[in-house]
Number of protein chains: 2
Amino acid sequence: MATIGDVAREAGVSRSTASYALSGKRPISEEVRRRVLAAAEALAYTPNAGARALATARTKVLGLLAQFHDDEFAPAMLQYILGVTNTARDLGYDTLLVTEADGVRALRRITDSRMVDGVVLMNIAQEDARLPILRAAPQPGALVGLPGDCSGLDVFDLDFEEAGRVMVDHLHRLGHRELILISHPEHVVERGGAYVWRLRDAALDRARRLGLTLHAVYGESRQPAVGRQLHRLLDAYPAATGLLINNEAAAAALPSVTYERGQRVPEDLSVIGRYSADFAATFSLPYSFVESAPDRLGSMAVRQLVRRVEST
Amino acid sequence: MATIGDVAREAGVSRSTASYALSGKRPISEEVRRRVLAAAEALAYTPNAGARALATARTKVLGLLAQFHDDEFAPAMLQYILGVTNTARDLGYDTLLVTEADGVRALRRITDSRMVDGVVLMNIAQEDARLPILRAAPQPGALVGLPGDCSGLDVFDLDFEEAGRVMVDHLHRLGHRELILISHPEHVVERGGAYVWRLRDAALDRARRLGLTLHAVYGESRQPAVGRQLHRLLDAYPAATGLLINNEAAAAALPSVTYERGQRVPEDLSVIGRYSADFAATFSLPYSFVESAPDRLGSMAVRQLVRRVEST
């Protein structure tokens, strides 16, 4: 592996001249600059990341804080992550994937040490303890998910209220009068996941205005619990002919449950979910759904973040 | 954010003394060292990552090269990745997730620039163009997946031959005489994915020895193509009562296909797959399976990698 010393030797200049020629930090004659660039190319010279970071105050790395909670469905989270990593690479950045449980400590570690030029935060809570740290950090940040207080932050999220209303309207138009809404687990709400009650409250409100009965329940997040729960719910509300699903694990488990019960969709039960087309294909789901565009949200967050990084 | 200068001022020592006291690079009196450590703690001082990397030649970051090919099933890949990131964090390392298409260029970029202390490679091909680069790199590497030439590398993989034999034996013991094996897509084989033909060849050999008929086909990787293909196969081989699945997308799609056909598992069709218990739960799969332990493989690869990093 070539060092800056090798490049200097090859070009017949001093180490500092080679360094200035490559960094553009000081004016160097065009002829010398060309010789140094040719030497760097001939030797396949790559600057040391640590040295480059110190010299340019840039690492070309973005941090991505994404936790995999047991009560959130990992394949759904993956789609957001791929939107981030793929877009980051397109824009010339690597991604430091940080999944540890202690998000406050993780964020402080990667921003204080200047390991990253900016951060994308996922799993946003209503009162998110990471946000004060992000606001005070020297690097910009972008959020996928809506916190209680957005001030000073770039935030990207689905309109969960509108999704809830669209789902109720869809089943209402089809003539259903009694509905069940299966939300994410209650743990997610307790942790501050506002997307759960934002959709739920809007759906309940719309159902009330339309004179529909809506049974709103918190779902499980893993098999076999979620399958058993779906059976129990369909037993408990035999008159409910419409099902709203804001819970990826429940959506994924539903086909096997209706199969076991001998119920047909949509003949016996109309179903509308909130997930992405890619998720629907991955899980072979035959239901209507509100597109949640996770890859686009991740991508938009990174584009905005890089804009901020490169304008400072 | 505190700098080393702030720490020095707080401790009443010079910048270089503070630096030596923290790095342990030169002997400093115990009393001064304590004063510097107390100041660093009081100011919540975190060393600059670039400076630390230059000073210690360590970044405390591991690279993870994991591509998401369209013909591989992303939720299956995710389990390997979580095994890596979670174990890395347990051992004090962050993970640079590199998903770009050009693996050779990516590996050269992150090793030449010393962005990482070591790398984990996934999506291993029989003749993998990244391996010569890894062997020449200053950092150690670990592979999840078996290449044609393992020399000088730490390799972690499932015994796919044994998995193929176990799957055939299982269906043979249950009395089935005509079987279908659905492998990963042919693209994966063309790209050098040895795990496809390793399982396939071993299954064909075992079936031949046992006097069974085994129809071995390459599967699709996405819905709706994979669902249509499953229908076609079950139509084409009506006497086949046993199904072997070495293709996560096909396993995930099968419940909806048997439901549409009115076939019951295991009454009408015996199925055995090769995936993990976590995958089975995520996709609500009711089949027998050979455990593929993706999280354990990722975790073992990282443990060995960190052992190598810390012994050099």
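Here the structure is a predicted model, which is why all the values come from computation and not from measurement.

What counts and what doesn't
- Residues numbered from 1 in each chain as written.
- Chains lettered and ligands numbered in written order.
- Predicted model: local features only at pLDDT ≥ 70, side-chain atom pairs only at ≥ 80, totals over all residues.
- Heavy atoms only, no water.
- Axes fitted to C-alpha atoms, helices over the stretch in contact; angles between N-to-C directions.
- Helix = DSSP H or I, 4+ residues; strand = E, 2+ residues; numbered from the N terminus.
- Parallel < 35°, antiparallel > 145°, perpendicular 65-115°, else oblique.
- Left-handed = near helix turned anticlockwise from the far one by under 90°.
- Contact = heavy atoms within 4.5 Å.
- Nonpolar A, V, L, I, M, F, W, Y, C, P; charged D, E, K, R; others polar.
- Buried area = accessible area lost by both parts, 1.4 Å probe.
- Salt bridge = Lys/Arg side-chain N within 4 Å of Asp/Glu carboxyl O.
- Polar contact = N/O pair within 3.5 Å; in protein donor to acceptor, adjacent residues only side chain to side chain.
- Pairing = 2+ DSSP bridges.
- Phe/Tyr/Trp six-rings, centres within 6.5 Å; stacked < 30°, edge-to-face > 60°.
- Buried < 20%, exposed > 50% of the residue type's maximum accessible area, 1.4 Å probe, protein only.
- Lys NZ or Arg CZ within 6 Å of the ring centre and 35° of its normal.

Let us now look at the packing of helix α5 (residues 74–90) of chain A against helix α14 (residues 294–311) of chain A. Residues and elements named next belong to chain A. It is at 7 Å that the axes of α5 and α14 come closest, and there the two elements cross at 40 degrees. In terms of orientation, α5 lies oblique with respect to α14. The element α5 and its partner α14 pack so that their crossing is right-handed. Contacts between α5 and α14 pair Q79, Y80, G83, V84, T87 and A88 from the former with P294, D295, L297, G298, S299, V302 and R303 from the latter. Looking at side-chain class alone, the contact of α5 with α14 contains six nonpolar, five polar and two charged residues.

The parts lose accessible area when they come together, and the size of an interface is often stated as this lost area. Facing 50 residues of chain B, the contacting portion of chain A comprises 50 residues. Summing both partners gives a buried area of about 4200 Å² for chain B against chain A, and 62% of it is carried by carbon and sulfur. Scanning the region where chain B abuts chain A turns up six salt bridges. For R222 of chain B, the salt bridge goes to D278 of chain A, with nearest N and O atoms at 2.7 Å. Here chain B is connected to chain A by 14 residue pairs in polar contact (both at pLDDT 80 or more). Secondary-structure elements contributing two or more residues to the side of chain B that touches chain A are α4 (49–56), α5 (74–90), β2 (94–98), α6 (103–112), α12 (248–261) and α13 (277–282) of chain B. The element that contributes the greatest number of residues to the side of chain B that touches chain A is α5 of chain B, accounting for eight residues. Grouping the amino acids of the side of chain B that touches chain A by side-chain chemistry returns 26 nonpolar, 15 polar and nine charged. Where strand β2 (residues 94–98) of chain A lies against β2 of chain B, three bridges are found, and the strand directions are antiparallel.

Turning to the packing of aromatic side chains, a few remarks are in order. Tallied over the entire structure, the rule returns 14 aromatic pairs over all chains. Between F160 of chain A and Y195 of chain A the ring centres are 5.7 Å apart and the planes differ by 40 degrees, which places this aromatic pair in the tilted class. Pair noted here: F160 of chain A is in helix α8 (residues 160–173) and Y195 of chain A is in helix α10 (residues 194–210), with a separation of 35 residues, a long-range link. Judged by its relative accessible area of 4%, F160 of chain A falls in the buried class. Judged by relative accessible area, Y195 of chain A falls into the buried class, the value being 17%. In this structure an aromatic cluster arises from ring pairing among F73, Y275, F279, F283 and F289 of chain A together with F73, Y275, F279, F283 and F289 of chain B. Here the basic side chain of K60 of chain A rests over the ring of Y93 of chain A, its NZ or CZ set 4.2 Å away from the ring centre. The cationic tip of R200 of chain A hangs over the ring face of Y218 of chain A; the distance from NZ or CZ to the ring centre is 4.6 Å.

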